[in-house]
Amino acid sequence: MTLEIHPSWEKPLQTEFDSTYFKQLINFIASEYKFKNCFPPKTDIFNAFSKCSYDNVNVVILGQDPYHREGQAHGLSFSVPRGIKHPPSLINIFKELQEDVKISYPASGNLSHWTQQGVLLLNATLTVRENEPGSHQKKGWEKFTDAILKKLSDEKEGLVFILWGGFAKKKEKYIDSERHLVLTSGHPSPLSANRGYWFGNMHFSLCNSYLKNQGKQSIEW
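Overview of the structure. Numbering of residues starts from 1 in each chain and follows the order in which that chain's sequence is written. Totals for whole chains, interfaces and linings use every residue, but because this is a predicted model, local features are given only for residues with pLDDT of at least 70 and side-chain atom pairs only at 80 or more, for both listing and counting. Side-chain descriptors were evaluated using all non-hydrogen atoms of the structure, hydrogens and water having been removed beforehand.

Details of helix α9 (residues 203-213)
Relative accessibility thresholds used throughout: buried, under 20% of the residue-type maximum; exposed, over 50%; partly exposed, between the two (1.4 Å probe, protein chains only). A helix here means a DSSP run of H or I that spans at least four residues, while a strand means a run of E at least two residues long, and both kinds are numbered starting from the N terminus. Considered for burial, the residues of α9 that qualify are His203, Phe204, Cys207, Asn208, Tyr210 and Leu211. The buried residues of α9 occupy one face: seen down the axis, they fall within an arc of 160 degrees. Turned more than 90 degrees away from the buried face of α9 sit Lys212 and Asn213, all of them exposed. Packed against the buried residues of α9 are β2 (59-63), α4 (88-101), α5 (112-115), β5 (160-164) and β6 (181-185). Among the residues trailing α9, Gly215 stands out with phi positive, at a value near 75 degrees. For this quantity, the arc is that covered by the directions from the helix axis to the C-beta atoms. Residues are treated as being in contact if the distance between any of their heavy atoms lies within 4.5 Å.

In structure tokens, the structure reads:
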């Protein structure tokens with residue numbers, strides 16, 4: 001399997017790429033894609049790392065695993081390709097965005113323009129079987145993405161890590177909160193959001209305020 005990533009990620013992640021667990025993971029994924037219908041498309045699995053260079057990362061938004069229905073996942077957490085109906089979690093993200101930073105509800109669910117500004121849209125698990133959420137968990141992806149979070153935390157200063165939901169919050173232990181801003185809330189899925197754990201978190205404006213205080217460019221959400 002070809003790792004289609006920005007060249008700037010190669011050195012920081014070389015230890016992971018060379019590890020036994022990662023080679024076993026890639027063999028597992030190759031088999032799954034051969035015999036099962038899996039998402040995102042094989043060429044998009046590492047899309048988060050091709051769209052946002054290591055040097056450019058200023059914000060990390062962590063999801064759990066990709067959308068598991070046809071046409072939705074394209075390797076960026078919470079994002080869908082242009083023209084695809086917005087999933088419920090993305091609808092709630094956009095509703096919070098409207099309220100928080102006073103912008104119109106976006107027509108497209110493609111969040112690639114965030115990645116171009118240094119937002120790493122990372123899922124803890126990068127692949128999934130069709131209609132089987134969580135089906136590729138505990139195969140090695142979590143170890144890989146834990147290493148990414150720790151690497152970013154250790155080697156950079158003044159990042160914003162946005163962790164939505166219980167699963168993402170468990171990753172906080174890999175992040176140095178004295179060197180970075182960590183924002184946590186409930187998940188944007190209707191199950192959590194409709195119980196009052198999502199709306200009003202103001203993460204988009206809090207993120208931009210922190211970036212400005214760090215002398216960095218704010219995100220045009």
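As for the pattern of salt bridges
Basic side-chain nitrogens of Lys or Arg form a salt bridge, by our definition, when they fall within 4 Å of a carboxyl oxygen of Asp or Glu. On inspection of all chains with the given rule, the structure shows six salt bridges. Shared partners join several salt bridges into a network, and the residues in it are Glu32, Arg129 and Glu132.

Concerning the packing of aromatic side chains
Only Phe, Tyr and Trp rings take part, Trp by its six-membered ring, and two of them pair if their centres are within 6.5 Å. Stacked means planes under 30 degrees apart, edge-to-face means over 60, and tilted covers everything else. Enumeration according to the criterion identifies 18 aromatic pairs in this entry. Aromatic pair Trp9 and Tyr54: ring centres 5.1 Å apart, planes at 75 degrees, arrangement edge-to-face. With a gap of 45 residues between them, Trp9 in the segment before α1 (10-18) and Tyr54 in the loop between α3 (47-51) and β2 connect regions that are remote in the sequence. Each member of the pair, Trp9 together with Tyr54, is buried. Feature note: the residues Trp9, Phe17, Tyr21, Phe22, Phe46, Phe49, Tyr54, Trp141 and Phe144 constitute an aromatic cluster, connected by ring pairs. Consider the ring centre and the ring normal. A charge sits over the ring if Lys NZ or Arg CZ is within 6 Å of that centre and within 35 degrees of that normal. Here Lys156 stacks its cationic end above the ring of Tyr54, 4.6 Å away from the centre of that ring.

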